Amino acid sequence: MRFSQIPRSIRQLSTHVLAIFLGVLLTVSSLQVLPSQAEPAPNQKSEASLQLIAQRQSPASAAIASSSFVTAAVNRVGSAVVRIDIERTITRRVDPMFDDPFFRRFFGDSLPQRSPSEQLRGLGSGFIIDKSGLVLTNAHVVDKADKVTVRLKDGRSFEGKVQGADEVTDLAVVKINAGGDLPAAPLGSSANVQVGDWAIAVGNPLGFDNTVTLGIVSTLRRSSAQVGIPDKRLEFIQTDAAINPGNSGGPLLNDRGEVIGINTAIRADAMGIGFAIPIDKAKAIALQLERGGKVAHPYLGVQMLTLTADAARQNNNDPNSPMKVAEVNGVLVMRVLPNSPAAAAGMRLGDVIVQIDGQSVTTAEQLQNIVEDSRLGQTLQVKVQRGNQTQLLSVRTAELQNASS
């Protein structure tokens, strides 16, 4: 029978069935071809690869989930971290009135016979920097201590001798005689530290020995004035690794177990904000303290404040302002200390320091760093703006004693 002789309705049905069959056949063929064609493409993944990627952790979460780098870092330095116990006797003065014979006759034995004394105890942390028994810690940990006891992680205790302490940088070196060959902490370089790096704090917070906390470096070069201790001359590493009382003097480590800082301060009004002295600063100071030497700090003898042109303009527009100042960016002199290098050079209240030895100065911290890096007895050419006039003063630095500069 010829195709033309088949009824029209059957021919139409056959045509539809054939079209559907061919469509299915082409679809199956294309599904078999596409994977092989896509396989060499560099930006596409197989189904198995995609599944592995979905299951894989991000680098940050993987680092947190894995304790390997923290454990390795702590194991590398942990035995060099020590606890420092101090004892200090303080004597309270008795009112001189009680020495009067009249009061003694009247009150008799009920009056104090001598000045009462009180025994104070404190604790901090430190770490061994030399196998001979040199321990680096904070000056405020051992300040005015009558007795210093250094306790090692293995339980041994030794009496410590303060070789030297520097209050301005809050650093101290303590020596113990433990027969040598002690574990020493590897010292890194704070110059290589970046914001976002891992930070591991080790110490004895609140008396809980051998405590480890983990965080990151929050920021760098935080000035002591910003931290709230303007009597220091430091730029701190800020971290969110938990630091508590007792952590002072302990090491701040990087992810390789190298010491990058010395845990020093916290803010009482904040959580998750701690500060450490950069290890590069500590290295230079420790060498002098180890030899029992005194650390000399040059100073000018001024109390100062960072000034901007806008702040100066607002001050000058205030009718109640006690003084008019130059409307420039610089460092405003708020006070000149008597008998200081600045006073001898003729510096005055209200002067705005804008330049030192040809280097522009715009912040109080910048000025302080320049002076700190100068030599004792060095003459600095200080350019000040005094009203509408510019003055060039020759200031010869002297050694900082108890003055604030």
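Shown above is the structure to which this text applies.
Just so it is clear, the model here is predicted, and its values are computed rather than measured.

Rules of the game
Residues numbered from 1 in each chain as written. Predicted model: local features only at pLDDT ≥ 70, side-chain atom pairs only at ≥ 80, totals over all residues. Heavy atoms only, no water. Salt bridge = Lys/Arg side-chain N within 4 Å of Asp/Glu carboxyl O. Buried < 20%, exposed > 50% of the residue type's maximum accessible area, 1.4 Å probe, protein only. Helix = DSSP H or I, 4+ residues; strand = E, 2+ residues; numbered from the N terminus. Contact = heavy atoms within 4.5 Å. Phe/Tyr/Trp six-rings, centres within 6.5 Å; stacked < 30°, edge-to-face > 60°.

K.L.:
So, the pattern of salt bridges: which residues are in play, and what are the values?
P.N.:
Tallied over the full model, the rule gives 15 salt bridges. Linking Asp143 and Lys144 is a salt bridge whose minimum nitrogen-to-oxygen distance equals 3.4 Å. Since its relative accessible area comes to 59%, Lys144 is described here as exposed. In this structure, Arg233 engages Glu372 in a salt bridge whose closest nitrogen and oxygen atoms are separated by 2.6 Å.

K.L.:
Give a description of the environment of Leu120 that names residues and reports values.
P.N.:
Locating Leu120 in the fold gives a position in strand β2 (residues 117-130). A sequence separation of 26 residues divides Leu120 from Asp146, and the C-alpha atoms of the two residues are 9.9 Å apart. If sequence neighbours within four positions are ignored, Leu120 has contacts with Ile86, Glu87, Arg88 and Ile90.

K.L.:
Any details on the packing of aromatic side chains? Residues and values, ideally.
P.N.:
Scanning the entire structure with this criterion turns up two aromatic pairs. Both rings, one in Phe69 and one in Trp198, keep their centres 5.3 Å apart while their planes meet at 45 degrees; by these two values the pair is tilted. Of this pair, Phe69 sits in helix α4 (residues 68-77) while Trp198 sits in strand β7 (residues 198-203), and the two are 129 residues apart along the sequence. On the basis of relative accessible area, Phe69 is assigned to the buried category, the value being 17%. We classify Trp198 as partly exposed; its relative accessible area is 23%.

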